[in-house]
Amino acid sequence: MKTAAVDMHCDTISALLEMRRKGTYSAGSGLSSNSLHVDLEKLEKGGCILQNFALFVALSACDDPFRECTALADLYYEELEKNKDRIRPVYHYEDIEKNRAEGKLSALLTVEEGGVCKGRLGNLRLLYRLGVRMLTLTWNFPNELGWPNVRMPEKDSEAAPDFTTPDGEHGLTETGFAFLTEMERLGMIVDVSHLSDAGFWDVARTANKPFVASHSNARAVCGHVRNLGDDMIRALAEKGGVTGLNFCPSFLEEERKEGESRGSLDAIVTHARHIVNMGGEDCLGLGSDFDGIPTNAAIPDAAHLPHLADALKKAGFSERQIDKIFCENVLRVYREIL
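What counts and how
Residues numbered from 1 in each chain as written. Predicted model: local features only at pLDDT ≥ 70, side-chain atom pairs only at ≥ 80, totals over all residues. Heavy atoms only, no water. Buried < 20%, exposed > 50% of the residue type's maximum accessible area, 1.4 Å probe, protein only. Helix = DSSP H or I, 4+ residues; strand = E, 2+ residues; numbered from the N terminus. Pairing = 2+ DSSP bridges. Core = buried A, V, L, I, M, F, W, Y, C linked by side-chain atoms within 4.5 Å. Contact = heavy atoms within 4.5 Å. Phe/Tyr/Trp six-rings, centres within 6.5 Å; stacked < 30°, edge-to-face > 60°.

Enquirer: Can you help me understand the pairing of strand E4 (residues 105-112) in this one?
Expert: Side chains on a regular strand alternate between the two faces of the sheet. Most of E4 is tucked away, with 8 of its 8 residues classed as buried. Along E4, one buried face is formed by Leu105, Ala107, Leu109 and Val111 and the opposite face, lined by Ser106, Leu108, Thr110 and Glu112, is buried too. Where strand E2 (residues 48-56) lies against E4, 7 bridges are found, and the strand directions are parallel. Bridging across to E4, Leu50 finds its partner in Ser106. Of the pairings in the sheet, the one linking strand E3 (residues 87-89) to E4 comprises 3 bridges and is parallel in character. When the bridges of E4 are listed, Arg88 appears paired with Ser106.

Enquirer: Where do I start with the nonpolar core in this structure?
Expert: A general trend in soluble globular proteins is that nonpolar side chains are found buried together. Counting 86 residues, the largest nonpolar core has Phe53, Val203 and Phe326 as the members making the most contacts within it. Take this core: its biggest share by element is 7 residues, from helix H3 (residues 65-82). Those residues in contact with Phe53 that sit more than four places away from it in its chain are Cys10, Thr12, Ile13, Leu31, Val38, Leu43, Tyr76, Ile87, Ala107, Leu108, Leu109 and Thr110. Residues Leu50, Ile189, Cys327 and Val333 belong to the second largest nonpolar core, which totals 20 residues.

Enquirer: When you look at the packing of aromatic side chains in this model, what are you seeing that I'm missing?
Expert: Overall, the coordinates contain 7 aromatic pairs when judged by the stated rule. Judged by centre distance (6.0 Å) and plane angle (55 degrees), the rings of Phe53 and Tyr76 are tilted. Of this pair, Phe53 sits in strand E2 while Tyr76 sits in helix H3; the two residues are 23 residues apart in sequence, bridging distant segments of the chain. Of the two residues, Phe53 and Tyr76, neither departs from the other in class, the shared state being buried. Ring plane angle 70 degrees and centroid distance 5.7 Å describe the contact between Phe200 and Phe211, whose orientation is recorded as edge-to-face. Of this pair, Phe200 sits in helix H7 (residues 197-206) while Phe211 sits in the loop between H7 and strand E7 (212-213); the two residues are 11 residues apart in sequence, bridging distant segments of the chain. Taking the relative accessible area as the measure of exposure, Phe200 reaches 1% and is therefore buried.

If you want it as structure tokens, here you go:
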């Protein structure tokens, strides 16, 4: 079953920049066609009409995160220019409709790591002028805006990250609240994936517009702290927001015996059913996390999205519900905010 798809999160631009820096990037390994999870050929085959492209910056790995973010943005626009006959950037909702009517893919620019702004609202506004329309407030390190749920060890530390204990104490900072207000004023979508539980509730209590968890699953199904609790799913739905199904195997199922796959379509469907049961059929979308996760054998790249639609249909989801999950719910949020 092939249906139009909107994917709220991939890390393909970061993967392409890494390839360029390693000298493995060539004319045959750009956005048009490559060995990654996402390229234009795969998106077209999978029925994708809009792909969010995240500019992901690991704060611990660079001296100037804002500069790194702009380097990623430069590559993004370079690739879009090379492929402008097939894909175009979107800045407002009307751009999505125009591209779709003309048979073009749409690309929406996001940033995964609010710390790139260094706590400066001026930098946030610069990102908006650069075309960024969604910002993930944190990644896995505390920043000027708030705290994450997964805390990565300090550089050179031998400690392991904690994936099971959510942070219900540390939420948004004063600067984080200021960013939330300014993002809503600008028309930039607030993304709470990676954010601490306390930060989630700060956003839920304060936001005047829908917000998203662009790539997060259900914690009741898999206890990873990157997933959302039932009360969080309900609160997100009450705000008119959407969470995107993440295909990362460790966010889908608990640890299994060595050699057993955790990336089944059944697992994704189980999360979808639970989220719809908790928040209704309007609060669920797609947030693959392609090129930022280990390959999921059941849905190894964007070309395989129709297999998920088939699995949802087999599990009893109606075609209308599948359309909502695959694109309509996210487009509704974009229509309201962009």
